[in-house]
Structures are given as C-alpha cells and as structure tokens.
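Here is what each chain is made of, one letter per residue.
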Amino acid sequence: MALEDLVLDALKQVMVPDVQRDVVALGLIKEVKAQHGIVTFSVELTPASAGLQARLDPQIKQAVKAVPGVNDLAVHYLIKPEAPAKPKGPSNPPGIKHIIAVGSGKGGVGKSTVTANLAIALSASGLKVGILDADIYGPSIPLMLGAQDQKPGVLNEKLLPIEAHGLKLMSMGFLLPNADDPVVWRGPMLAGALRQFLNDVNWGELDVLLVDLPPGTGDIPLTLVQLIPLSGAVIVITPQPVAAAIGTKTLRMLQQSRVRILGLIENMSYFDCPTCHTETAIFDRGGGATTSEREGVPFLGEIPLDPKIRASGDAGIPVTIAEPDSPQAQAFRKLADQLWAALVPT
Ligand SMILES: Nc1ncnc2c1ncn2[C@@H]1O[C@H](COP(=O)(O)OP(=O)(O)OP(=O)(O)O)[C@@H](O)[C@H]1O
Ligand SMILES: [Mg+2]
C-alpha cells in the first residue's frame, strides 16, 4: 500500500466534532503527497469551520506521525470561502414579474382598500396587474371590486382568475358557495390553498401581483410570506401610535423573513372637511413618516380618511375608477408611482 493511502487511512480516525464524521469522509484532506517519508497535505476548512483548526491539528499530526514510514510532516490549512448558497424557497410562477405583499399587522387599517386602489392605479399606468387575496378567512377583494357574484372557470386543470376593472383576481371569496360562509380551515389547508392560488391559477402575463395579506403578525401571515416568492412588501398603517407599533412588528417580521420592505403607507391620515376646508388629524398624523424614518424604510405617502373612499369600496367601484380626478384618486396614483419607483428604480 502506498504511503499516501496509509496516511489517508490513518486520517480516517480523526473525527470532526459535532458532525461525527471523519476528516477524510468530509473531504477536508486534499493533495496528500509522500516523498522519502516526508508527507504533505492540505486541510480545507470553510470560514464557518475555521475555528476547528486548533482542535483538529494535534489529532491530525498524531495520527499521521503514527503511520510507519512517515518521517516528517507538513500540513497546510486552507480557508476556502463557501460557495454562494443556491437561492432557496419558492420561485415565481412563470409570467409573473413581481409579487408584492400588502401587510399591516393591525386589522381594519385599510389594507384591502389600499391594495384595490393601488392595483387600479398601477394598471392605469399601463401595467398588467393582478390581486391575490390571501385573506382566506375574511376575503374582501371580491366585494371591493364588485366581483362578488363571479365564479372562476377552469382551463387545462388551472383556475381562471376573475377579471374586473382590468385586473385579474383570485380570492377564497370566489370559491365559497356563499360569501358569508365561514372558512374553517387550519394551517396546512390554508397553506395549500395559497399555494394553489399562486401555482394553479392561470395568471398569464403579469407585471405585478399584489397580495392582500390577512391582518396580524402571527403564524398565518408569516407562513404566507414564506410560501410566496416576494419582490417586496408594503406596510399600511394608520397614524395612531397603536397601529404604528403593530405595523412596526409586521415590518420587522417581514425583514426577518428576508422580505424587502418597499415602503410604508399611512392611511386615514387626515380628514379634509368638504365644507370648512380644514384638515383634521382624526387618528393623529405623521406616524407613517416617523416610523419609516426610524426603521430606515421608504415612506410612500398618505391617504386621507374620506367617505368617498369607504363608499366607493363598498359599492365595488374603488375611488380610483369612480372618481379618477379626485384628490383621493390622485393620492393613490402618487402612491403607485412611489411604489413602482421603489421596486424598479430608473
Ligand atoms: N382612507 C379611507 N377613508 C375612509 N374609509 C376607509 C379608508 N381606508 C379604508 N376605509 C374603510 O375602512 C374599512 C376597513 O378597510 P379595509 O377592509 O380595506 O381594511 P383591512 O385592513 O383590509 O381590514 P382587514 O384587517 O379586516 O382585512 C372599510 O370599510 C374601508 O372602506
Ligand atoms: Mg382586508
């Protein structure tokens, strides 16, 4: 047996702590050479395992020196950078360029209203836009876009999204026999439904798919963001401190899940009295800008508290369509421009 092989055999006695495999089996030993009883080889470690050198070195030397025929030994330690990790996780369904989640933390701050109007504003600027209503328990997108009576068709085993106001939509609301029926699903079924909404819906070509997230910072929104390959997320808050605080939790939860925060939106910022023409900060004002600054994320803009926004949403014709020239619609268009600029910087 060649001395190199004897050395390798001896090195199989040297175990790497924690993983309980030997240095040869782990492929750490490279280029073993032996000449006139002088043995040289390298031990290749990664930056993460470099700390093992001090523990392995005496064992390696002891094992090799015990091999008959070895007179001397030179060991080189190499720290080799780890190969960049392959991107993990879900990938975009073909045809969808960007998927953006709209989250809030606190419920009722206007996530769905903002999602619907943002989608229309983005579509008005010439983009192909869809909405995935990920609020499985409380889907409100069908109603807000006046599509609550529609049922999706099926083509080639894929659901066809509902089309309304130039947008493509998918929501649990379209699949329930009655809109008021409760959904009594738990985690795995919920995740399954969402996966199907993404992969088993014939979305076609979309520039952007907005995902209306359910409220909360708990398990459900977290699972959802991990299932969906997001380009980024926007957070909707209302200005009062409690909403800003919960919005911040959502923001950090998303950041911890490595989701890029495209920006914060302050909804219900102020009420512009139509008769006295003064602005009243009903829920306080400025929480969005302050939170954005503190968290180091872009502030995308303010949307006023306005009866037209509420009424048009309830009527299924969002204000961006019902009154496209109104200041309210303009505020949403400005948001859409800011969002697109944050997503695709020119
Ligand atoms: N800027 C606004 N001005 C007036 N009413 C608004 C505004 N934004 C939202 N609303 C109204 O507030 C209510 C809650 O809005 P919406 O359903 O969009 O909130 P949400 O955050 O999606 O709620 P949930 O947490 O239940 O999903 C709706 O009746 C909506 O019409
Ligand atoms: Mg909602």
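Owing to the predicted nature of the structure, the values given are computational and were not obtained by experimental measurement.

Caption draft 1: Region of the structure containing the overall build of the protein chain. For the protein chain, the helix and strand inventory stands at eleven helices and 17 strands. A compact globule built from 346 residues should have a C-alpha radius of gyration of about 20 Å, whereas the protein chain, at 29 Å, is more than 25% larger. Overall size of the protein chain, expressed as C-alpha extent along the three principal axes, is 100 × 50 × 40 Å. Counting across all 346 residues of the protein chain, residues that qualify as buried make up 47%. Residue pairs in contact within the protein chain that sit at least 24 positions apart in sequence constitute 71% of those at least 6 positions apart. Surface exposure of the protein chain reaches about 17200 Å², of which carbon and sulfur atoms provide 54%. A gap of 5 Å separates the mean positions of the 29 positive and 34 negative side-chain charges of the protein chain.

Caption draft 2: Focus on helix α9 (residues 307-314). Ile309, Ser312 and Gly313 are the residues of α9 that are buried. Buried residues of α9, viewed axially, fall in a sector of 100°; they line one side. Summarising the geometry of α9, the exposed residues directed more than 90 degrees from the buried face are Pro307 and Arg310. If you follow the buried residues of α9, they end up packed against α3 (111-124), α4 (141-144), β17 (299-303), α10 (319-322) and α11 (327-343). Its side-chain oxygen 2.7 Å from the backbone nitrogen of Lys308, Asp306 forms the N-cap of α9. At the C-terminal side of α9, Gly316 shows a positive phi close to 80°.

Caption draft 3: Structural view of the site of ligand 1. Residues in contact with ligand 1 amount to 18 residues; listed here are only the nearest, Gly108, Lys111, Ser112, Thr113 and Pro304. Within the backbone of Pro304, an N or O atom sits 2.8 Å from a nitrogen atom of ligand 1. A distance of 2.9 Å separates a nitrogen atom of ligand 1 from a polar atom in the backbone of Asp306. With the chains in place, 80% of the 630 Å² that ligand 1 exposes on its own is no longer accessible. Only α3 and α9 provide two or more residues apiece to the shell around ligand 1.

Caption draft 4: Fine view of the pairing of strand β3 (residues 29-35). Here β3 runs beside strand β4 (residues 38-45); their pairing, made up of five bridges, is antiparallel. The partner of Lys30 across the bridge, within β4, is Ser42. What sits between the antiparallel neighbours β3 and β4 is a turn of two residues, in which His36 has the positive phi angle 50°.

Caption draft 5: Region of interest: empty space enclosed by the protein. Counted under the stated rule, the structure contains one cavity of 30 Å³ or more. The wall of the largest cavity is formed by Thr113, Ala116, Asn117, Met144, Ile309, Ser312, Gly313, Pro318 and Val319. In terms of residue class, the lining of the largest cavity is made up of five nonpolar, four polar and no charged.

Caption draft 6: Just the environment of Ile99, in detail. Checked against the element boundaries, Ile99 lands in strand β6 (residues 96-103). The spatial distance from the C-alpha of Ile99 to the C-alpha of Met1 is 61 Å, given a sequence separation of 98 residues.

Caption draft 7: Seen up close, the side chain of Asp135. With respect to the helices and strands, Asp135 occurs in the loop between β7 (129-133) and α4. Within the buried set, Asp135 has no salt-bridge partner at all; the shortest N-O distance to an opposite charge, 5.8 Å, is to Lys111. Those residues in contact with Asp135, other than ones at most four positions away along the chain, are Asp212, Pro214 and Pro215.

Caption draft 8: View of the sheet that holds strand β5 (residues 72-79). If you walk across this open sheet you meet the three strands as β3-β4-β5, and the pairing is mixed. If you trace the sheet from one side to the other, it starts and ends with β3 and β5, each paired once. Sheet twist, expressed as the average angle between the axes of neighbouring strands with direction ignored, equals 10°. Note: β4 against β5, eight bridges, orientation parallel. Looking at the pairing, Ile38 lines up with Asp72 of β5. Sheet contacts for helix α1 (residues 3-11): β3 and β4; angle to β3, the most-contacted strand, approximately 135°. Relative to β5, helix α2 (residues 53-65) is tilted by about 150°, and along the sheet it contacts β4 and β5.

Caption draft 9: Geometry of the sheet that holds strand β10 (residues 162-164). Spatially, eight strands are ordered β10-β11-β7-β12-β6-β13-β14-β17 in an open sheet, and the strand pairing comes out mixed. At either margin of the open sheet sits one strand with a lone partner, and together these are β10 and β17. On average, adjacent strands in this sheet sit at an angle of 25° to one another, irrespective of strand direction. Two strands pair when backbone bridges link them, and β6 and strand β12 (residues 206-212) are joined in this way by six bridges, in the parallel orientation. Within β12, the residue paired with Val102 across the bridge is Asp212. Contacting β6, β7, β11 (167-171), β12, β13 (232-237) and β14 (261-267), α3 runs over the sheet at an angle of about 170° to β12.

Rules used throughout
- The residue count restarts for each chain, going from 1 along the sequence in the order it is written.
- As a convention, the first chain written is A and the first ligand written is 1, with the rest following in written order.
- Residue-level local features of this predicted model are given only where pLDDT is at least 70; pairs of side-chain atoms are given and counted only at 80 or more, and the full residue set underlies all totals for whole chains, interfaces and linings.
- Calculated side-chain values reflect all of the structure's heavy atoms, with hydrogen atoms and water omitted.
- In this description a helix means any DSSP run of H or I spanning at least four residues, a strand means any run of E spanning at least two, and both kinds are numbered starting from the N terminus.
- Note on method: radius of gyration uses C-alpha positions; expected globular size equals 2.2 Å times residues raised to 0.38.
- Remark: exposure states derive from per-residue accessible area (1.4 Å probe, protein chains only) relative to the maximum for the residue type, with buried under 20%, exposed over 50%, and partly exposed in between.
- Whether two residues are in contact is decided by their heavy atoms, any of which lying within 4.5 Å being enough.
- Each accessible area value is a Shrake-Rupley result obtained with a 1.4 Å probe; residue values ignore everything except the protein chains displayed when judging cover.
- A residue counts as positive if it is Lys or Arg and as negative if it is Asp or Glu; His and the chain ends are not included.
- The location of each charge is read from NZ of Lys, CZ of Arg, CG of Asp or CD of Glu.
- Working note: the arc is built from the helix axis to C-beta atom directions.
- Two N or O atoms form a polar contact when they lie within 3.5 Å of each other; inside protein one atom must be a possible hydrogen donor and the other a possible acceptor, and for residues adjacent in sequence the pair counts only when both atoms belong to side chains.
- By convention in these notes, a residue is near a molecule or strand provided one of its non-hydrogen atoms lies within 4 Å of it.
- Any two strands between which DSSP finds at least two bridges are classified as paired.
- For each structure, a 1 Å grid was placed over the protein atoms alone; sets of points admitting a 1.4 Å probe that cannot get out are labelled cavities, open sets with protein on both sides within 12 Å along at least five of seven lines are labelled pockets, and lining residues have an atom within 4 Å of a point.
- Grid points are joined across faces, edges and corners, and a volume is the space filled by probe spheres set on the points.
- As a working rule, the residues Ala, Val, Leu, Ile, Met, Phe, Trp, Tyr, Cys and Pro are called nonpolar, Asp, Glu, Lys and Arg charged, and the rest polar, with Gly in that last group.
- For salt bridges, the criterion is a side-chain nitrogen of Lys or Arg within 4 Å of an Asp or Glu carboxyl oxygen.
- Axes here refer to lines fitted to C-alpha atoms; in helices the fit is confined to the stretch in contact. Angles between the N-to-C directions go from 0 to 180 degrees.

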